[in-house]
Amino acid sequence: MSSLHKSRIADFHDVLKEPTIALEKLRELSFSGIPCEGGLRCLCWKILLNYLPLERASWTSILAKQRELYSQFLREMIIQPGIAKANMGVSREDVTFEDHPLNPSPDSRWNTYFKDNEVLLQIDKDVRRLCPDISFFQRATEYPCLLILDPQNEFETLRKRVEQTTLKSQTVARSRSGVTNMSSPHKNSAPSSLNEYEVLPNGCEAHWEVVERILFIYAKLNPGIAYVQGMNEIVGPLYYTFATDPNSEWKEHAEADTFFCFTNLMAEIRDNFIKSLDDSQCGITYKMEKVYSTLKDKDMELYLKLQEQNIKPQFFAFRWLTLLLSQEFLLPDVIRIWDSLFADDNRFDFLLLVCCAMLVLIREQLLEGDFTINMRLLQDYPITDVCQILQKAKELQDSK
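Quantities reported herein were computed from a predicted structural model and do not represent experimental measurements. (Residues numbered from 1 in each chain as written. Predicted model: local features only at pLDDT ≥ 70, side-chain atom pairs only at ≥ 80, totals over all residues. Heavy atoms only, no water.)

Participant: Any chance you could explain the overall build of the protein here in plain terms?
Facilitator: What the protein contains, in helices and strands, is 21 helices and zero strands. Within the protein, counting contacts between residues at least 6 apart in sequence, those at least 24 apart form 75% of the total. Of the roughly 19,000 Å² of accessible surface on the protein, a fraction of 50% belongs to carbon and sulfur atoms. (Helix = DSSP H or I, 4+ residues; strand = E, 2+ residues; numbered from the N terminus. Contact = heavy atoms within 4.5 Å. Areas by Shrake-Rupley, 256 points an atom, 1.4 Å probe, with all protein chains shown as cover.)

Structure, rendered in structure tokens:
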């Protein structure tokens, strides 16, 4: 470990040991990258995403309260309709019309259950293939949810609801922008069927199942947006970071902590996922156009070239912005980019500059290429040095 790196770690510890965290100082440090040693990134993300307050003394009580709240969500939302009465000893003939699975009423608990399954099916398709370049999400978690898996209760796992369903991979951009080429040369292809995944023994659950539960509960609590393809790519890096925390106590509660950090993050970026807001000033179309207007200011020649070839920002920037670049780079690089994005005091304005920097860094290739070559470049971005990209984005920011 270099002396410079040790000095940076010490700087973070100095900020984080204060009774009241100096948020601006933490943002300044985090913007240049957060060390992973000692769980620093996990703690900083929780503060930057407003999960933990700036007052250190309240952390323990707030974490306990939020984690218990999440357990309550599990109790209320992952239980199969009808089980509650069965547990109370109600005989089959006592089941009323209101509780019958064939009751067509929209208020029927069974009707809700079947509608939930439609959402769950889409979530299940997506989370099984999270980050196919690493095996982490397919491996068993050290801390399975005992509330769900305990054989003494009758809770139904989400996996059991869909385990007989054939899964077909889809992509977030196909339904929104028409782009169908969503592959990346930096990532391995995902397995084509469930049979290619190792079946975990009873009592175990894979990390992707934890992510599935987080997204399902989020969808239940936020019916206005529910689940939209691509949300899994936002949860994935958050959960991975918390589930690999060296602090075993915090690692054990990675699911609950991820849920609340994801909820806070979605409160800031959810407009990107709401189609009816696409053309509003807070929608994704406005942000994509902002990337081009920034490029126009910084590199008129490149801007005119893309305009001449009719390469619209929705062909590539839609995915870049909506998924916070989580599909363009390998997971460790995504996490490094997110250090800067979460530290941005203007909340993701820096993301627009990162996208612009990505264009400027391949300007020579874009200026020489035709439409087909340039589309391939933009959909399978060739530069993997994210530090170079972030440095260029910072230069663009400073040149304003």
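Participant: Looking at this structure, how should I read the nonpolar core?
Facilitator: Nonpolar side chains tend to gather and get buried jointly when the protein is soluble and globular. With 121 residues, the main nonpolar core has Met231, Tyr239 and Trp338 as its most contacted residues. A total of eleven residues in this core trace back to one element, the largest contributor, which is helix H18 (residues 349-361). Counting residues domain by domain, this core receives three or more from each of domain 1 (38-91 + 104-163 + 201-270) and domain 2 (275-399). Apart from residues no more than four positions distant in its own chain, methionine 231 is found in contact with Leu215, Tyr218, Ile225, Ala226, Phe262, Met266 and Phe273. (Core = buried A, V, L, I, M, F, W, Y, C linked by side-chain atoms within 4.5 Å. Buried < 20%, exposed > 50% of the residue type's maximum accessible area, 1.4 Å probe, protein only. Domains from an automatic or database assignment.)

Participant: Even after reading the chapter, I still don't get helix H4 (residues 59-77), so can you show me in this structure?
Facilitator: Because an α-helix packs 3.6 residues into every turn, residues spaced three or four apart end up facing the same way. Taking 1.5 Å as the rise per residue, H4 with 19 residues should run 27 Å; its terminal C-alpha atoms sit 27 Å apart, in good agreement. Within H4, the full set of buried residues consists of Trp59, Leu63, Gln66, Arg67, Tyr70, Phe73, Leu74 and Met77. End-on view of H4: buried residues confined to an arc of 105 degrees, all on one side of the axis. Opposite the buried face of H4, at more than 90 degrees from it, the exposed residues are Thr60 and Lys65. (Expected span 1.5 Å × (residues − 1). Arc of directions from axis to C-beta.)

Participant: Quick question: what am I supposed to make of unusual backbone geometry here?
Facilitator: Negative phi characterises most residues that are not glycine, and trans characterises most peptide bonds. A positive phi is found at cysteine 131, a non-glycine position, where the angle reads about 45 degrees. Secondary-structure assignment places cysteine 131 in the loop between helix H6 (109-127) and helix H7 (146-149). In the Ramachandran plot, leucine 324 falls in the positive-phi region, its phi being about 55 degrees despite a non-glycine side chain.

Participant: Whenever I open this one, helix H13 (residues 254-269) confuses me. Can you help?
Facilitator: Over its 16 residues, H13 extends 22 Å from the first C-alpha to the last, a length consistent with the 22 Å expected when each residue adds 1.5 Å. Of all 16 residues in H13, twelve are buried, a share of seventy percent or more. For H13, the set of buried residues is Ala254, Glu255, Ala256, Asp257, Thr258, Phe259, Phe260, Cys261, Phe262, Leu265, Met266 and Ile269. Each element contacted by the buried residues of H13 is listed here: helix H3 (40-48), H4, helix H10 (207-221), helix H11 (231-243), helix H12 (248-252) and helix H17 (331-343).

Participant: Explain the side chain of glutamine 66 here, please?
Facilitator: Examined against the element boundaries, glutamine 66 turns out to sit in helix H4. A relative accessible area of 17% places glutamine 66 in the buried class. Residues within four places of glutamine 66 in sequence aside, it is in contact with Tyr51 and Phe260.

Participant: Just checking my understanding: could you explain the packing of aromatic side chains for this structure?
Facilitator: We describe a pair of aromatic rings using the distance from one ring centre to the other and the angle between the two ring planes. A full pass over the atoms with the stated rule returns 19 aromatic pairs. Centroid distance phenylalanine 136 to phenylalanine 137: 5.0 Å. Interplanar angle 85 degrees. Geometry classified as edge-to-face. We note that phenylalanine 136, like phenylalanine 137, is buried. Each member of the aromatic cluster is reached from another via a ring pair, and the members are Tyr292, Tyr303, Phe316, Trp320, Phe329 and Tyr381. In this structure, lysine 46 packs its charged tip against the face of phenylalanine 242, placed 4.8 Å from the ring centre. (Phe/Tyr/Trp six-rings, centres within 6.5 Å; stacked < 30°, edge-to-face > 60°. Lys NZ or Arg CZ within 6 Å of the ring centre and 35° of its normal.)

Participant: What am I meant to see in the confidence of the model for the protein here?
Facilitator: Should the pLDDT be low somewhere, the predicted coordinates at that spot are not to be read in detail. Scored by pLDDT, the protein has a mean of 84; 79% of the residues are at 70 or more. In the model, residues 84-95 has pLDDT below 50 throughout and makes four contacts with residues more than four positions away in sequence or in other chains. Low confidence marks residues 164-175, where pLDDT is under 50. Its contacts with residues over four positions away, or in another chain, come to 30 contacts. (pLDDT = per-residue confidence, 0-100.)

Participant: How should the environment of cysteine 44 be read in this particular structure?
Facilitator: Along the polypeptide, cysteine 44 turns up in helix H3. Exposure remark for cysteine 44: the relative accessible area of 0% places this residue in the buried category. C-alpha of cysteine 44 to C-alpha of phenylalanine 342: the two residues are 298 residues apart in sequence and 9.4 Å apart in space.

Participant: Mind showing me how you'd approach the pattern of salt bridges here?
Facilitator: As a working rule, side chains carrying opposite charge can pair if their charged atoms are close by. Summed over all chains, the structure comprises 17 salt bridges. Across the pair lysine 220 and aspartate 116 runs a salt bridge whose closest N-O atoms are separated by 2.8 Å. Placement of lysine 220 in helix H10 and of aspartate 116 in helix H6 is noted, with a sequence separation of 104 residues between them. Relative accessible area serves as the criterion here: at 30%, lysine 220 is assigned to the partly exposed category. The buried category is assigned to aspartate 116, whose relative accessible area is 13%. Of the charged contacts in the structure, one is a salt bridge between lysine 251 and glutamate 142, with a shortest N-O distance of 2.7 Å. With a gap of 109 residues between them, lysine 251 in helix H12 and glutamate 142 in the loop between H6 and H7 connect regions that are remote in the sequence. A relative accessible area of 55% places glutamate 142 in the exposed class. Each of Asp299, Glu301, Arg363 and Glu364 takes part in a single network of salt bridges with overlapping partners. (Salt bridge = Lys/Arg side-chain N within 4 Å of Asp/Glu carboxyl O.)

Participant: What is the right way to read the packing of H18 against helix H21 (residues 386-398) from this model?
Facilitator: Axes are the key here: two packed helices are described by the angle between their axes and the distance separating the axes. Put simply, H18 and H21 touch, their axes get as near as 8 Å, and they point 110 degrees apart. The pairing of H18 with H21 is recorded here as roughly perpendicular in orientation. Considering the relative orientation of H18 and H21, their crossing is right-handed. In this structure, H18 uses Phe350, Leu353, Val354, Cys356, Ala357, Met358, Val360 and Leu361 to contact H21, whose residues at the interface are Gln388, Ile389, Leu390, Lys392, Ala393, Lys394, Leu396 and Gln397. By residue class, the composition of the contact of H18 with H21 is twelve nonpolar, two polar and two charged. (Axes fitted to C-alpha atoms, helices over the stretch in contact; angles between N-to-C directions. Parallel < 35°, antiparallel > 145°, perpendicular 65-115°, else oblique. Left-handed = near helix turned anticlockwise from the far one by under 90°. Nonpolar A, V, L, I, M, F, W, Y, C, P; charged D, E, K, R; others polar.)

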